[in-house]
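Residue strings, one per chain:
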Amino acid sequence: MKYLVVLAIFALAFAAEEKADDERPKTYRRLIPADVLRDFPGMCFASTRCATVEPGNSWDLAPFCGKSSCVISEDEPPRLLELVEDCGPLPIANPKCKLDTEKTNKTAPFPGCCPIFTCEAGVKLEYPELPTPPPEDEKKEDKKEA
Ligand SMILES: *[C@@H]1O[C@H](CO)[C@@H](O)[C@H](O)[C@H]1NC(C)=O
(Lines give C-alpha, C1' and ligand atoms only; values in the text may rest on other atoms or scores of the structure.)
Protein backbone atom coordinates (compact mmCIF):
# COMPACT_ATOMS: atom_id res chain seq x y z
CA MET A 1 0.00 0.00 0.00
CA LYS A 2 2.73 2.45 1.00
CA TYR A 3 4.53 1.55 -2.19
CA LEU A 4 1.52 2.54 -4.30
CA VAL A 5 1.28 5.97 -2.65
CA VAL A 6 4.95 6.62 -3.31
CA LEU A 7 4.46 5.68 -6.93
CA ALA A 8 1.51 8.01 -7.24
CA ILE A 9 3.53 10.91 -5.82
CA PHE A 10 6.31 10.15 -8.26
CA ALA A 11 3.89 10.17 -11.16
CA LEU A 12 2.48 13.54 -10.08
CA ALA A 13 5.92 15.06 -9.70
CA PHE A 14 6.84 13.83 -13.15
CA ALA A 15 3.72 15.32 -14.69
CA ALA A 16 4.47 18.69 -13.13
CA GLU A 17 8.04 18.54 -14.41
CA GLU A 18 6.87 17.93 -17.94
CA LYS A 19 5.82 21.49 -18.66
CA ALA A 20 3.68 22.10 -21.70
CA ASP A 21 5.72 22.70 -24.81
CA ASP A 22 5.97 26.31 -25.80
CA GLU A 23 3.46 27.29 -28.39
CA ARG A 24 5.55 28.64 -31.20
CA PRO A 25 3.71 31.73 -32.37
CA LYS A 26 2.22 31.35 -35.80
CA THR A 27 2.79 34.24 -38.09
CA TYR A 28 0.02 35.81 -40.02
CA ARG A 29 0.20 37.53 -43.42
CA ARG A 30 -2.06 39.92 -45.22
CA LEU A 31 -1.83 42.15 -48.27
CA ILE A 32 -2.85 45.78 -48.10
CA PRO A 33 -2.48 48.61 -50.62
CA ALA A 34 0.94 50.20 -50.15
CA ASP A 35 1.37 53.74 -48.92
CA VAL A 36 2.90 55.71 -51.76
CA LEU A 37 4.34 59.22 -51.65
CA ARG A 38 3.48 61.58 -54.49
CA ASP A 39 7.15 62.32 -55.10
CA PHE A 40 8.19 58.65 -55.04
CA PRO A 41 5.84 56.70 -57.31
CA GLY A 42 6.62 53.01 -57.67
CA MET A 43 7.99 52.76 -54.15
CA CYS A 44 6.34 51.77 -50.88
CA PHE A 45 6.42 54.25 -48.05
CA ALA A 46 7.48 52.64 -44.77
CA SER A 47 5.82 54.85 -42.18
CA THR A 48 7.58 53.21 -39.20
CA ARG A 49 10.92 54.05 -40.83
CA CYS A 50 9.85 57.23 -42.56
CA ALA A 51 11.59 55.97 -45.69
CA THR A 52 10.71 54.69 -49.12
CA VAL A 53 11.33 51.03 -49.96
CA GLU A 54 11.74 49.53 -53.42
CA PRO A 55 9.53 46.62 -54.52
CA GLY A 56 11.10 43.33 -53.46
CA ASN A 57 12.53 44.75 -50.25
CA SER A 58 11.33 44.36 -46.67
CA TRP A 59 11.46 46.40 -43.52
CA ASP A 60 10.93 45.71 -39.86
CA LEU A 61 7.85 47.31 -38.28
CA ALA A 62 9.54 48.10 -34.94
CA PRO A 63 8.28 49.35 -32.46
CA PHE A 64 5.49 47.00 -33.58
CA CYS A 65 6.29 43.32 -33.92
CA GLY A 66 6.09 42.61 -37.61
CA LYS A 67 7.67 42.85 -40.99
CA SER A 68 6.45 44.37 -44.23
CA SER A 69 7.52 43.82 -47.80
CA CYS A 70 6.89 45.99 -50.82
CA VAL A 71 5.41 43.88 -53.63
CA ILE A 72 3.93 44.48 -57.07
CA SER A 73 0.60 42.72 -57.70
CA GLU A 74 0.37 40.30 -60.60
CA ASP A 75 -2.93 41.61 -61.92
CA GLU A 76 -3.35 44.34 -64.54
CA PRO A 77 -2.64 47.14 -64.06
CA PRO A 78 -0.02 46.17 -61.49
CA ARG A 79 -0.55 47.77 -58.11
CA LEU A 80 1.90 48.42 -55.33
CA LEU A 81 1.07 46.31 -52.28
CA GLU A 82 2.44 45.94 -48.79
CA LEU A 83 2.70 42.37 -47.52
CA VAL A 84 2.38 42.67 -43.75
CA GLU A 85 3.53 39.79 -41.55
CA ASP A 86 2.80 39.84 -37.86
CA CYS A 87 2.33 37.48 -34.92
CA GLY A 88 -1.36 37.04 -35.63
CA PRO A 89 -4.21 37.34 -33.17
CA LEU A 90 -3.48 36.91 -29.46
CA PRO A 91 -4.65 33.62 -27.94
CA ILE A 92 -7.90 33.54 -26.01
CA ALA A 93 -7.13 34.44 -22.37
CA ASN A 94 -6.49 31.31 -20.30
CA PRO A 95 -5.63 31.52 -16.58
CA LYS A 96 -3.48 28.38 -16.96
CA CYS A 97 -1.22 30.04 -19.52
CA LYS A 98 1.15 32.91 -18.95
CA LEU A 99 3.15 35.16 -21.19
CA ASP A 100 6.69 33.83 -20.87
CA THR A 101 8.52 37.05 -20.08
CA GLU A 102 11.90 35.28 -20.09
CA LYS A 103 11.52 33.84 -23.57
CA THR A 104 9.65 36.71 -25.17
CA ASN A 105 12.08 39.29 -26.54
CA LYS A 106 10.06 42.29 -27.60
CA THR A 107 13.08 44.02 -29.08
CA ALA A 108 14.15 41.13 -31.32
CA PRO A 109 13.50 41.44 -35.05
CA PHE A 110 10.31 39.76 -36.30
CA PRO A 111 9.32 36.95 -35.74
CA GLY A 112 11.57 36.76 -32.66
CA CYS A 113 9.50 39.49 -30.99
CA CYS A 114 6.27 37.47 -31.03
CA PRO A 115 4.89 36.65 -27.58
CA ILE A 116 5.66 33.18 -26.23
CA PHE A 117 3.20 31.65 -23.78
CA THR A 118 3.82 28.85 -21.32
CA CYS A 119 0.89 26.75 -20.14
CA GLU A 120 0.40 24.30 -17.32
CA ALA A 121 0.84 20.67 -18.39
CA GLY A 122 -1.92 19.45 -20.66
CA VAL A 123 -3.31 22.92 -21.33
CA LYS A 124 -3.42 24.20 -24.89
CA LEU A 125 -3.95 27.77 -25.89
CA GLU A 126 -6.79 28.47 -28.25
CA TYR A 127 -6.68 31.14 -30.89
CA PRO A 128 -9.67 33.11 -32.11
CA GLU A 129 -11.17 31.87 -35.34
CA LEU A 130 -10.16 33.84 -38.36
CA PRO A 131 -12.79 34.51 -40.98
CA THR A 132 -12.58 31.78 -43.62
CA PRO A 133 -14.61 31.09 -46.76
CA PRO A 134 -17.65 28.81 -46.23
CA PRO A 135 -16.72 25.12 -46.03
CA GLU A 136 -17.18 22.80 -49.03
CA ASP A 137 -20.11 20.94 -47.40
CA GLU A 138 -22.32 24.00 -47.51
CA LYS A 139 -21.79 24.39 -51.24
CA LYS A 140 -22.81 20.74 -51.81
CA GLU A 141 -26.01 21.26 -49.82
CA ASP A 142 -26.87 24.22 -52.02
CA LYS A 143 -26.51 22.07 -55.13
CA LYS A 144 -28.84 19.41 -53.71
CA GLU A 145 -31.60 21.95 -53.20
CA ALA A 146 -31.28 23.43 -56.68
C1 LIG B 1 16.66 40.46 -27.71
O2 LIG B 1 16.93 40.67 -29.07
C3 LIG B 1 17.91 41.65 -29.33
C4 LIG B 1 17.98 41.85 -30.84
O5 LIG B 1 18.19 40.64 -31.51
C6 LIG B 1 19.24 41.21 -28.73
O7 LIG B 1 20.21 42.19 -28.96
C8 LIG B 1 19.04 40.99 -27.23
O9 LIG B 1 20.23 40.48 -26.70
C10 LIG B 1 17.91 40.02 -26.99
N11 LIG B 1 17.65 39.94 -25.55
C12 LIG B 1 17.49 38.78 -24.93
C13 LIG B 1 17.18 38.87 -23.47
O14 LIG B 1 17.61 37.71 -25.49
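A quick note: this is a predicted structure, and the numbers were derived from the prediction, not measured.

A. Quick peek at the confidence of the model for the chain. Predicted confidence across the chain gives a mean pLDDT of 80, with 71% of residues reaching 70 or more. Considering only residues more than four positions removed or in separate chains, one finds that residues 1-25, a stretch of pLDDT under 50, has 20 contacts.

B. How the structure looks around the sheet that holds strand 1 (residues 28-33). Ordered in space as 1-6-5-4, the four strands form an open sheet in which the pairing is antiparallel. The open sheet terminates on both sides in strands that have one partner only, identified here as strand 1 and strand 4 (58-60). When the angles between neighbouring strand axes are averaged without regard to direction, this sheet yields 25 degrees. Inspection of the sheet shows strand 5 (residues 66-72) paired to strand 6 (residues 80-86) by seven bridges, in the antiparallel sense. Considered in strand 6, the bridge of Ser69 is made with Leu83.

C. Highlighting the pattern of salt bridges. Applying the stated criterion across every chain, the model contains five salt bridges. One salt bridge connects Arg29 with Glu85, and the closest N-O pair in it is separated by 3.6 Å. Linking Arg29 in strand 1 with Glu85 in strand 6, this pair joins segments that are 56 residues apart in sequence. On the accessibility criterion, Arg29 (54% relative accessible area) is exposed. Overall, Glu85 belongs to the buried group, its relative accessible area being 9%. Two residues, Lys67 and Glu85, come together in a salt bridge whose shortest N-O distance is 4.0 Å. On the criterion of sequence distance, the pair formed by Lys67 in strand 5 and Glu85 in strand 6 is long-range, its members being 18 residues apart. Lys67 sits in the partly exposed class, given a relative accessible area of 29%. Overlapping salt bridges, with partners in common, bring together Arg29, Lys67 and Glu85 in one network.

D. Representation of unusual backbone geometry within the structure. Geometrically, the link from Ala62 to Pro63 is a cis peptide bond, its omega value of 10 degrees lying close to zero. With respect to the secondary-structure elements, Pro63 resides in the loop between strand 4 and strand 5. Along the chain, Phe110 connects to Pro111 via a cis peptide bond; the corresponding omega equals 0 degrees. Tracing the backbone shows Pro111 in the loop between strand 7 (97-99) and strand 8 (117-119). Notably, Cys50 is not glycine yet its phi reads approximately 55 degrees, a positive angle. Looking at Cys50, the relative accessible area reads 63%, which means it is exposed.

E. The arrangement of the nonpolar core in detail. The biggest cluster of nonpolar side chains holds nine residues, and these are Ala34, Cys44, Ala46, Val53, Trp59, Leu61, Cys70, Leu80 and Val84. Those elements giving two or more residues to this core turn out to be strand 2 (44-46) and strand 6. Those residues in contact with Ala46, other than ones at most four positions away along the chain, are Ala51, Val53 and Trp59. Grouped together as the second largest cluster of nonpolar side chains are five residues, Cys97, Cys119, Val123 and Leu125 included.

Rules used in this analysis
Residues numbered from 1 in each chain as written. Predicted model: local features only at pLDDT ≥ 70, side-chain atom pairs only at ≥ 80, totals over all residues. Heavy atoms only, no water. pLDDT = per-residue confidence, 0-100. Contact = heavy atoms within 4.5 Å. Pairing = 2+ DSSP bridges. Helix = DSSP H or I, 4+ residues; strand = E, 2+ residues; numbered from the N terminus. Axes fitted to C-alpha atoms, helices over the stretch in contact; angles between N-to-C directions. Salt bridge = Lys/Arg side-chain N within 4 Å of Asp/Glu carboxyl O. Buried < 20%, exposed > 50% of the residue type's maximum accessible area, 1.4 Å probe, protein only. Core = buried A, V, L, I, M, F, W, Y, C linked by side-chain atoms within 4.5 Å.

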